[in-house]
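Now for the letters of each chain:
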Amino acid sequence: MQREVPYPSQIPLFDELIGERVIVRPHRLDDFDELWEAIQQSRDELRPWLPFADQSEEQLRDWLAHVVAKWITRELLGMGIVERATGHLIGNIGLMVRGWNIGSFEIGYWQRTSAAGHGYMSEAVRLVTDFAFDHLDANRVMIRCDAENARSAAVPQRLGFTPEGCMRRDFAAPNGAIRDTLVFSMIRDDPRWPAAPASH
Ligand SMILES: CC(C)(COP(=O)(O)OP(=O)(O)OC[C@H]1O[C@@H](n2cnc3c(N)ncnc32)[C@H](O)[C@@H]1OP(=O)(O)O)[C@@H](O)C(=O)NCCC(=O)NCCS
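Keep in mind that what you see is a predicted model, and the values were worked out from it rather than measured. (Residues numbered from 1 in each chain as written. Predicted model: local features only at pLDDT ≥ 70, side-chain atom pairs only at ≥ 80, totals over all residues. Heavy atoms only, no water.)

### Re the site of the ligand
Quick reminder of the rule: Any residue with at least one heavy atom within 4 Å of a molecule or strand is counted as near it. Think of a polar contact as two N or O atoms within 3.5 Å of one another; within protein, one of them needs to be a possible hydrogen donor and the other a possible acceptor, and neighboring residues in sequence only count if both atoms come from side chains. The protein chains shown are the only cover counted for residues, whose accessible areas, like all others here, come from Shrake-Rupley with a 1.4 Å probe. Of the grid points, spaced at 1 Å and generated over the protein atoms alone, those admitting a 1.4 Å probe that cannot get out make up cavities, while open sets with protein on both sides within 12 Å along at least five of seven lines make up pockets; any residue with an atom within 4 Å of a point is treated as lining. Here the criterion for a molecule occupying a pocket or cavity is that more than half of its atoms lie within 2 Å of the pocket grid points.
Tyr 109, Gly 117, Ser 122, Asn 149 and Arg 151 are the nearest of the 23 residues found near the ligand. Tyr 109 has a polar backbone atom sitting 2.8 Å from a nitrogen atom of the ligand. Here an oxygen atom of the ligand sits 2.9 Å away from a polar atom, N or O, in the side chain of Gln 111. Notes on the ligand: free accessible area 940 Å², of which the protein chains cover 74%. A majority-of-atoms criterion places the ligand in the largest pocket.

### Quick look at the packing of helix H3 (residues 120-135) against helix H4 (residues 150-159)
In plain terms, the rule: To get an axis, a line is fitted to the C-alpha atoms, and for a helix only the part in contact is used. The angle between two axes follows their N-to-C directions and goes from 0 to 180 degrees. A run of H or I in DSSP counts as a helix once it spans at least four residues, and a run of E counts as a strand once it spans at least two, with each numbered from the N terminus. Each angle is binned into one of four classes, with values under 35 degrees roughly parallel, values over 145 roughly antiparallel, values of 65 to 115 roughly perpendicular, and all other values oblique. Crossing handedness follows the turn of the near helix against the far one: under a right angle anticlockwise gives a left-handed crossing, and clockwise gives a right-handed one. Any pair of residues with heavy atoms lying within 4.5 Å of one another is described as a contacting pair. Under the scheme applied here, ten amino acids are nonpolar (Ala, Val, Leu, Ile, Met, Phe, Trp, Tyr, Cys and Pro), four are charged (Asp, Glu, Lys and Arg), and all others, including Gly, are polar.
Two elements in contact, H3 and H4, have axes whose closest approach is 10 Å; the angle formed by their N-to-C orientations is 60°. Classified by the angle their axes make, H3 and H4 are oblique. Here the hand of the crossing between H3 and H4 comes out right-handed. Residues Ser 122, Val 125 and Arg 126 of H3 pack against Val 155, Arg 158 and Leu 159 of H4. Grouping the constituent residues of the contact of H3 with H4 by class yields 3 nonpolar, 1 polar and 2 charged.

### Remarks on H4
Definition in use: Only protein chains enter the accessibility calculation, which uses a 1.4 Å probe; a residue whose area is less than 20% of its type maximum is buried, one above 50% is exposed, and one in between is partly exposed. By arc we mean the arc of the directions from the helix axis to the C-beta atoms, nothing more.
Within the span of H4, buried status applies to Ser 152, Ala 153, Val 155, Pro 156 and Leu 159. Burial along H4 is one-sided: seen end-on, the buried residues are contained in an arc of 140°. Opposite the buried face of H4, by more than 90 degrees, sit the exposed residues Ala 150 and Arg 151. Residues of H4 that are buried sit in contact with strand E5 (104-111), H3, strand E6 (140-146) and strand E8 (178-187). Gly 160, located one to two residues past H4, shows a positive phi value of around 85°.

So this is what it looks like as structure tokens:
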């Protein structure tokens with residue numbers, strides 16, 4: 001059923017979601033330095049998939065300000081991913097609100113190149129998805145990616161999200177090429193984490 005959510009700003013959120021190896025927490029304005037450095041270090045890997053690889057410092061500061069503001073209004077839950085072992089910010093995960101009234105959300109993510117290959121993003125996606133179903137009354141959590149972005153698609157595949165299909169010639173990649181979009185989802189009734197490693 002649809003529900004009335006007259007004041008999304010009053011929906012309780014969290015200070016941090018604590019996983020085995022990462023912590024997910026709302027972005028802060030003072031994330032700027034670590035975010036900027038992470039993007040500089042990861043430009044080549046970000047550029048094919050995301051539009052902000054070559055943004056200016058002012059653009060990043062402006063983005064961060066909007067993310068902090070939208071956390072308060074619950075328009076977008078933009079979060080940093082912190083590596084527990086070092087305390088460093090290693091990436092970003094966003095829970096985009098498609099509709100509070102229907103409990104529909106979408107997750108987007110990136111992480112610095114030096115943090116890749118450890119399962120950190122898969123863990124962060126699990127934490128955020130669990131929060132959406134367990135505390136935000138989600139009906140659906142979706143992940144979309146460029147059909148050519150195999151590493152991104154591997155995250156929902158690894159976690160047992162259901163592949164829903166491919167939207168052909170759906171969007172323009174940062175280089176202007178028209179690309180296909182893969183769609184994955186988990187819904188409330190799905191078994192959660194059937195394909196995830198037993199240690200999690
Ligand atoms: C998409 C992106 C976040 C994926 O990063 P990733 O390192 O592949 O993902 P994870 O952090 O979940 O790590 C998974 C890797 O760690 C390995 N791993 C090690 N320990 C693991 C564990 N405990 N659990 C899960 N995976 C583990 C996996 O085998 C996998 O490695 P493989 O690809 O060699 O098989 C990253 O490539 C990225 O930021 N890309 C640029 C931005 C981008 O494309 N964003 C998405 C736009 S839609």
